[in-house]
Structure formats: structure tokens, C-alpha cells
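# Geometric and topological summary
As a plain string of letters, each chain reads:
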Amino acid sequence: MREVNRLKGKHLIAGQWLSGDSRFSSSPATGEPHEFWNGTIGIVNKAAEAAHVAFTDFGSRSRRDRARFLDEVAAELERRAEDIVAIAASESGLPNARLEGELGRTAGQLRLFSQHVLDGNYLEPCVVEAQPDRQPIPRPDLRLMMRPIGPVAVFGASNFPLAFSAAGGDTASALAAGCPVVVKGHPAHPGTSERVADAVLSAARTTGMPDAVFSLIQDAGHDVARSLVQHPRIKAVGFTGSLAAGRSLFDLCAGRPEPIPFFGELGSINPGFVLPNALARRGADIASGWVGSLTLGAGQFCTRPGVLFLPDVEGADAFVDAAVAALQEVPEQTMLTDGIAASYRRGAEKLDSMAGVSTRFLAAWDGRSALPSLFETQSATWREHKSLAEEVFGPLGLVVRVSSIDEIAGLAEALDGQLTATMHLDEGDGELAAELLPILEQKAGRLLANSFPTGVEVSPAMMHGGPYPASTNVAATSVGTLAMRRFLKPVCYQNMPPHLLPRELRV
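Along each chain, residues carry numbers from 1 onward, in the same order as the chain's sequence is written. It should be noted that, the model being predicted, local features are given only for residues of pLDDT at least 70 and side-chain atom pairs only at 80 or more, the latter also being counted only at that level, while totals for whole chains, interfaces and linings use all residues. Only hydrogens and water are set aside when side-chain values are computed; all heavy atoms of the structure are taken into account.

### Brief notes about the packing of aromatic side chains
Any Phe, Tyr or Trp ring, taking Trp's six-membered ring, that has another such ring centre within 6.5 Å forms a pair; planes under 30 degrees apart are called stacked, those over 60 apart edge-to-face, and the others tilted. Counted under the stated rule, the structure contains eleven aromatic pairs. Geometrically, the ring pair formed by Phe24 and Phe36 is stacked, given 5.8 Å between the ring centres and 25° between the ring planes. Of the two residues, Phe24 is situated in strand β3 (residues 23-25) and Phe36 in strand β4 (residues 35-37); the sequence distance between them amounts to twelve residues. As far as burial versus exposure is concerned, Phe24 and Phe36 are alike and both buried. Ring centres of Phe58 and Phe69 lie 6.0 Å apart, and the angle between their planes is 85°; this geometry places the pair in the edge-to-face category. Secondary structure elements are taken from DSSP: a helix is a run of H or I of four residues or more, a strand is a run of E of two residues or more, and numbering for both begins at the N terminus. Think of it in three bands: with a 1.4 Å probe and only protein chains considered, a residue is buried below 20% of the maximum accessible area for its type, exposed above 50%, and partly exposed in between.

### A few points about the layout of surface pockets
The definitions used throughout rest on a 1 Å grid laid over the protein atoms alone, on which a cavity is an enclosed set of points accommodating a 1.4 Å probe that cannot get out and a pocket is an open set flanked by protein within 12 Å on both sides along at least five of seven lines; lining residues are those having an atom within 4 Å of a point. Grid points are joined across faces, edges and corners, and a volume is the space filled by probe spheres set on the points. In this structure, the second largest pocket occupies an estimated 250 Å³ of space. What lines the second largest pocket is a set of 18 residues, among which Arg61, Ser62, Arg63, Arg503 and Glu504 lie closest to the centre. For the lining of the second largest pocket, the secondary-structure elements that each account for two or more residues are α2 (63-79) and β6 (142-148). Here the lining of the second largest pocket gets four residues from one element, more than from any other, and that element is β6.

### Some words on helix α3 (residues 81-92)
To estimate the expected span of a helix, subtract one from its residue number and multiply by 1.5 Å. If you check α3, its first and last C-alpha atoms are 16 Å apart, about what twelve residues at 1.5 Å a residue would give, namely 16 Å. Across the twelve residues that make up α3, a large majority, nine, are buried. Buried within α3 are the following residues: Asp83, Ile84, Val85, Ile87, Ala88, Ala89, Ser90, Glu91 and Ser92. Between two residues, a contact is recorded if the distance between any of their heavy atoms is within 4.5 Å. In this structure, the buried side of α3 is in contact with α2, α4 (96-119), α6 (190-206) and β14 (333-334).

### A short note on empty space enclosed by the protein
Within the structure shown, the criterion is met by three cavities of 30 Å³ or more. In this model, the largest cavity occupies a volume close to 90 Å³. The wall of the largest cavity is formed by 15 residues, among which Phe263, Gly264, Ser471, Ser478 and Arg486 lie closest to the centre. When residues of the lining of the largest cavity are traced back to their parent elements, those giving at least two are β10 (236-240) and β11 (262-265).

### Here's the deal with the packing of α2 against α4
Geometry of a packed helix pair, given as the angle between the helix axes and the separation of the axes. To define axes, lines are fitted to C-alpha atoms, for helices over the stretch in contact only, and angles between the resulting N-to-C directions are given on a 0 to 180 degree scale. With their axes 8 Å apart at the nearest point, α2 and α4 run at an angle of 170° to one another. Between α2 and α4, the angle falls in the class roughly antiparallel. When α2 is examined against α4, the residues Arg63, Arg64, Arg66, Ala67, Leu70, Asp71, Val73, Ala74, Ala75, Leu77 and Glu78 are found in contact with a partner set consisting of Leu103, Thr106, Ala107, Leu110, Arg111, Phe113, Ser114, Val117, Leu118 and Asp119. Across the contact of α2 with α4, the residue classes break down as twelve nonpolar, two polar and seven charged. When describing relative orientation, an angle under 35 degrees is termed roughly parallel and one over 145 degrees roughly antiparallel, while 65 to 115 degrees is termed roughly perpendicular and anything else oblique. Gly counts as polar in this scheme, as do all residues outside two lists: the nonpolar Ala, Val, Leu, Ile, Met, Phe, Trp, Tyr, Cys and Pro, and the charged Asp, Glu, Lys and Arg.

### Details of the side chain of Arg368
Of note, Arg368 is situated in the loop between β15 (357-362) and β16 (369-370). One polar contact links the side chain of Arg368 to the main-chain carbonyl oxygen of Leu336, over a distance of 2.3 Å. Residues adjacent in sequence count toward polar contacts only when both atoms are side-chain atoms; beyond that, a polar contact is any pair of N or O atoms within 3.5 Å, and within protein one must be able to donate a hydrogen and the other to accept it.

### Notes on the sheet that holds strand β5 (residues 126-128)
One requirement defines pairing of two strands: DSSP has to find at least two bridges between them. The strand order across the open sheet formed by three strands is β5-β6-β21, and the pairing between neighbours is antiparallel. Lying at the two open borders of the sheet, with one neighbouring strand each, are β5 and β21 (488-494). Each adjacent strand pair in this sheet contributes to an overall mean axis angle of 25°, direction not counted. Where β5 meets β6, three bridges bridge the pair, whose relative direction is antiparallel. Paired with Cys126 across the two strands is Leu144, which belongs to β6.

### Brief notes about the pattern of salt bridges
We define a salt bridge as a contact between a side-chain nitrogen of Lys or Arg and a carboxyl oxygen of Asp or Glu at a distance within 4 Å. Considering all chains together, one arrives at 27 salt bridges under this definition. A salt bridge links Arg80 to Glu76, with the shortest nitrogen-to-oxygen separation between them at 3.0 Å. Of the charged contacts in the structure, one is a salt bridge between Asp141 and Arg143, with a shortest N-O distance of 2.7 Å. A relative accessible area of 9% places Arg143 in the buried class.

### Digging into the sheet that holds strand β13 (residues 307-311)
To summarise the sheet geometry, strands pair through backbone hydrogen bonds and adopt either a parallel or an antiparallel arrangement. Strand order across the open sheet formed by seven strands is β15-β17-β18-β13-β12-β19-β20, with mixed pairing between neighbours. At either margin of the open sheet sits one strand with a lone partner, and together these are β15 and β20 (444-449). Each strand axis lies, on average, 20° off the axis of its neighbour in the sheet, ignoring direction. As paired elements, strand β12 (residues 272-274) and strand β19 (residues 418-424) share three bridges and run parallel to each other. Note on β19: the bridge partner recorded for Gly272 is Thr422. In this fold helix α9 (residues 276-295) packs onto β12, β13, β17 (373-378), β18 (396-402) and β19, with an angle of close to 165° to the strand it touches most, β18.

### What about the environment of Gly356?
Structurally, Gly356 is set in the loop between α11 (338-352) and β15. With 20 residues separating them in the primary sequence, Gly356 and Glu376 have C-alpha atoms 8.7 Å apart. When residues no more than four places from it in sequence are discounted, the contact partners of Gly356 are Glu376, Thr377, Gln378 and Thr381.

Have a look at this one:
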């Protein structure tokens, strides 16, 4: 019997698999549903208190010990890859090849953080030695470095059951920083979360880490999420999800007696700007590439380039025609949940009926499957209807025809915060691009030229965040080694006896 058929359906709390008071049923894209226990306030309290106790141990472990733990989590995931991919494919409807790649990315980023921990540069140690004879007053001995913030709550994301869920980027960066993690599993893939949690527990025991370094709470409601972010033992939150849910949790964190940082990625339309010379010379190629990025994974990527600003000049009609032709070749794809599919359908129907918006491609679909859609409008209508700038999660594209080149900078200036912004430019577009660039620097965390934003490289140089509402902290990234900084705090040691100092400051 495959491992996927022996799910526990329970919560992992400090090394123990616990039940709750009620159950919910998974809703897989294929295969039979499974029953899982809902979390309770008592379960949240057990997980948070255990994480607090574990922090005393885990937060003081050597960098080598933490790196070994991260490496072992990666190895354990790889050992269980077949079963993890099988349950993830069943629950999400994503193809095996995509999930195998995602598992590889998850293991890769764990190993990247492991190496980053061993390097030690993230600690940013600073030593200012004492000057007892300084006038008019002596200078004390001051030594500063980054220390872990404490237990972290992580919310799994629906669209990345592996790379942004139980052992994904938020969890990996928090563990690398020395913070125990309590994961609120996403109800879209509870079986996947359980399989991954079991792998993390095995890695913790193999490397001698405390069992409560990682806990998983399953739940299909909202009370557990609210209780988790308000628990006094939780010191930071990592979240990927909708604007409404993220903003609600953000407000709860800010309203606590002890407010804590909430690092939320909340959505983005990821605008693109096709500049005039690029349109004239490469319009059809840009259109084809845009459609490929727009429809990748049924448009369920946070970096899906949903809106494209296009000069309303010669070549614009051919561009839209090329995009329509490319969309007609895109096959029906399965969406992650019934709710996401229904939301996408509502978004397409809304644009299809809106005055001033032309429907260029809209196929019929039903259930959890989806086909792409394309709409276009004029820049005046875009300015008039703020709702056009709201994210529609799915393979929906909107072309905004810009009546005057002089208008492009103003349209960029009016944008809300974004994860990414793209310029397609060619020789002769340099002056306009130079005008746009400083505007876009204030609007997005990652700026692209002549490429497409889907495909986020896990790298020390990556920024995956942006101004609100793309994320709740413009200075933070959820991808790349800089993600660790979210779960670290600077601590200064003044005139501290050497034997009490962290090893890295004993110089």
C-alpha cells in the first residue's frame, strides 16, 4: 500500500500526533478525499508553548548544528519524494513534473540557507572596543550581532504546496535564523503538509533537535489562524495569501498588547510596459512570451503578469491579435481549489460585462478546470475604474491601451505596490525607460527588462516583496537568503564578560 493511503489526519505538536474536536474533509482534484482533525485553541496553545520552550535550546545551537538540520530536512524530503509528489498531485491537480521541480526547489533552498548559516555573514557582527581614557567620558565596549527573534507562525500557501508551504521558504528561513516554527497548514493540501511535517520531524530527531522545533496545525476555519497570530509566545508571522485574509491577520498582529511583525505577501498584478520601439520591432514575440507567463500554472503564480500597458499606435492591433492566437493554443488546466476556480470565473465575468472593456478571448469552462481569458481597455477607462487594478488569480490578462506616450509615466505613478514591474524596451526606448525606472523603483520589489516575472530564482540577490498591498513590509523578501533577516533582531552587548558573549563576538 502506498504511503499516501495511510495519512494520520492529525496535528503534529512537539513530536506528537494529536486529534481535535471536529473534522474536515479534503477536496482533492483527483482521488478520494481524506478526513483531518480541525485545530483548536488548546492545540494552538500547546504548539506555541512548546515552541517557546524549544527556542531556548534551538536558538542557542551552533551554526553547524542548524546547518546540519536544514540539510537533513532537504535529504528527508528527497527520500520521500515519490509519496509527497503523489499526494500533492492528488490534492492540487498540479502535474507531477511541476511538483517534482517544486520539491527540488524546496530542498535546494533549504541547502542554500544551510550554507548561508555556515558562512555566518547574516549575523552582521560589529565590535566597537572600549576607550576607557576617552574624554570627556569613557567609551564602553560595544558588540552587536543579529539574534533569532523567537517562535514564528507560518501560513501555508495554496499555490505552492511545497515551496511556500509547510517546509517552504518562510519555514526554511525561520529555522535557519534559529526560530522554531508553528505552521498553519493550508486546507487545500493537508495531506501534503502532513507528509512534509513527518519528514521534518524525522530530520529533527536524526540531528538531535528538539521535537517542538516544528509543529503543524491543520484547520479549515479561521479561529485557529486568529488565535495563532495573537498568541503571546509567537514573535513573528510569515504569510502568503489573499489581501483580505492577510490584512485581517496583519491588523491582529498590530493590535496585540505586544505588536509583532507580520510579513505578508498579499498579491500583485505585476504590470508590464511595452515601449514603442520594442512594440514595433518585437511585438509578436513579446505577446507570445507574455501569454506563456500569464498562463503558466493556470495563472496561479503570485508573479503572473496580469496587466500590460501598450501604446495605442501602429502595431498594437497586431500585438493583441498575436496574444489571442497564442491563448487559443493554451489547453484547459486544473485550478488549485474549487474556490479559486469560482473566483477566477467571477473575475472574468465581471470584466466581460464592464462598460469600456472589450472581451478579446473568453472560452467556456466549468468546475475546477479553467481556460485563459483576455480583455482590453483604454487608459482613460483604467484610470476611471480602480477595480481594474485588482488582482484576478488565474490566467486572465488585461491590455491597457495608452493613448499617448506622455501618459505612460503617469500611469506608472498611479499604480499600487507590486511584487514586480517589467519594461519591454529596444533601441530608441532608453529615454522613456530612464523616466520610468525611478518611478517603478518606488512601486515594485523586482524590476525586469525584456523578460517575464514568473520564475523566481532562489538566490541571495532575489527580492520577492514590494510596497503594500504586494506585501506588508517593503523592506523584506520571502525568497532568497535575505529572507532570514525577517526573523532576526539586533542585540548589543555592552561591557559583557567575554565568556558570556556569543562565540562570534569573542574577538
